[in-house]
Amino acid sequence: IAALEHIHVLPVYDFGIQNNTAYIAMRFLRGGSLADLIDAGPIEVTRAVALFLQFAKGLSYAHSKGMIHRDLKPTNILMDESGNAYLTDFGLAKFVDSQSNVTKTGNIVGTPAYMSPEQLRGDPIDYRSDVYSLGIVFYQMLTGQQPFSHHTSDVVAVIYSNLEKQPVLPTTLNPNI
């Protein structure tokens, strides 16, 4: 992860273990997270598209290096003081060709409200699962709410909704789209 060098991926400067404590040293950003921006309500379309393109380019770069993020969500997109977006928290990332047994087929990792159906089912995933998560983040940017979990915090209900239901059309929630 520290090897990812992209303008919209938060850089990792150092990592290690010191006095039995693991650490990661990264650039400090003072602009909050995309979640903070969304909490204020739907983001104006032009601004949402500009931000989306920034972190989507960072994700595309990670994909070009064979890495799947697996936990894309507004709290993992940080902002600098100028309002630029940075993709961060690759803690659940996996390399596409990895033979690691850390997560096996049948196990799910990530945040259910932002996970693709195949990820929720514990099926093998690739970069397309991250693209699905990008769509959920963009929906939330434009509407101010998640497509499948805005009415409940029950994880089982969120998973069921994501697998079995269609989201409300975003234009129903925000006619300005």
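Please refer to the structure higher up on the page.
Scope of this entry: the structure provided in the associated data block. (Residues numbered from 1 in each chain as written. Predicted model: local features only at pLDDT ≥ 70, side-chain atom pairs only at ≥ 80, totals over all residues. Heavy atoms only, no water.)

1. Let's talk about the nonpolar core
Side chains that are nonpolar tend, in soluble globular proteins, to be buried together.
Part 1 of the reasoning: Counting residues in hydrophobic clusters, the biggest one holds 22 residues, and the most contacted among them are L34, L51, F55, I77, L134, V137 and M141.
Part 2 of the reasoning: If one sorts the elements of this core by residue count, helix α2 (residues 45-64) sits on top with six residues.
Part 3 of the reasoning: With residues near it in sequence (within four places) discarded, F55 still touches L34, I77, A85, L87, L134, V137 and M141.
Part 4 of the reasoning: L4, V9, Y61 and A62 belong to the second-largest nonpolar core, a separate cluster that totals five residues. (Core = buried A, V, L, I, M, F, W, Y, C linked by side-chain atoms within 4.5 Å. Buried < 20%, exposed > 50% of the residue type's maximum accessible area, 1.4 Å probe, protein only. Helix = DSSP H or I, 4+ residues; strand = E, 2+ residues; numbered from the N terminus. Contact = heavy atoms within 4.5 Å.)

2. Let's talk about the side chain of S133
Part 1 of the reasoning: Looking at the element boundaries, S133 is found in helix α4 (residues 127-143).
Part 2 of the reasoning: Owing to a relative accessible area of 3%, S133 belongs among the buried residues under this scheme.

3. Some remarks on helix α5 (residues 155-164)
Part 1 of the reasoning: For α5, the full list of buried residues reads V158, S161 and N162. Buried residues of α5, viewed axially, fall in a sector of 95°; they line one side. Those residues of α5 that are exposed and angled more than 90 degrees off the buried face are V156 and E164.
Part 2 of the reasoning: Summarising the contacts, the buried residues of α5 are in contact with α3 (117-121) and α4. (Arc of directions from axis to C-beta.)

4. Considerations on a nonpolar patch on the surface
Part 1 of the reasoning: Nonpolar side chains collect at one region of the surface, where F15, I24 and M26 lie side by side and expose about 320 Å² of accessible area between them.
Part 2 of the reasoning: For F15, the location among the structural elements is in strand β1 (residues 12-18).
Part 3 of the reasoning: On the accessibility criterion, F15 (54% relative accessible area) is exposed. (Patch = residues over 30% accessible without salt bridge, like charges linked within 9 Å, V, L, I, M, F, W, Y side chains within 5 Å. Areas by Shrake-Rupley, 256 points an atom, 1.4 Å probe, with all protein chains shown as cover. Salt bridge = Lys/Arg side-chain N within 4 Å of Asp/Glu carboxyl O.)

5. Structural notes on the packing of aromatic side chains
Part 1 of the reasoning: Considering all chains together, one arrives at two aromatic pairs under this definition.
Part 2 of the reasoning: Pairing F52 with F55 gives two aromatic rings, centres 5.5 Å apart and planes at 75°, and the pair type is edge-to-face. Of this pair, F52 and F55 both sit in helix α2, three residues apart, roughly one helical turn.
Part 3 of the reasoning: Of the residues examined, F52 reaches a relative accessible area of 19% and is grouped as buried. (Phe/Tyr/Trp six-rings, centres within 6.5 Å; stacked < 30°, edge-to-face > 60°.)

6. Re the pairing of β1
Part 1 of the reasoning: Here six bridges tie β1 to strand β2 (residues 21-26), and the two strands are oriented antiparallel to one another. Across the sheet, the residue bridging to I17 is A22, located in β2. (Pairing = 2+ DSSP bridges.)

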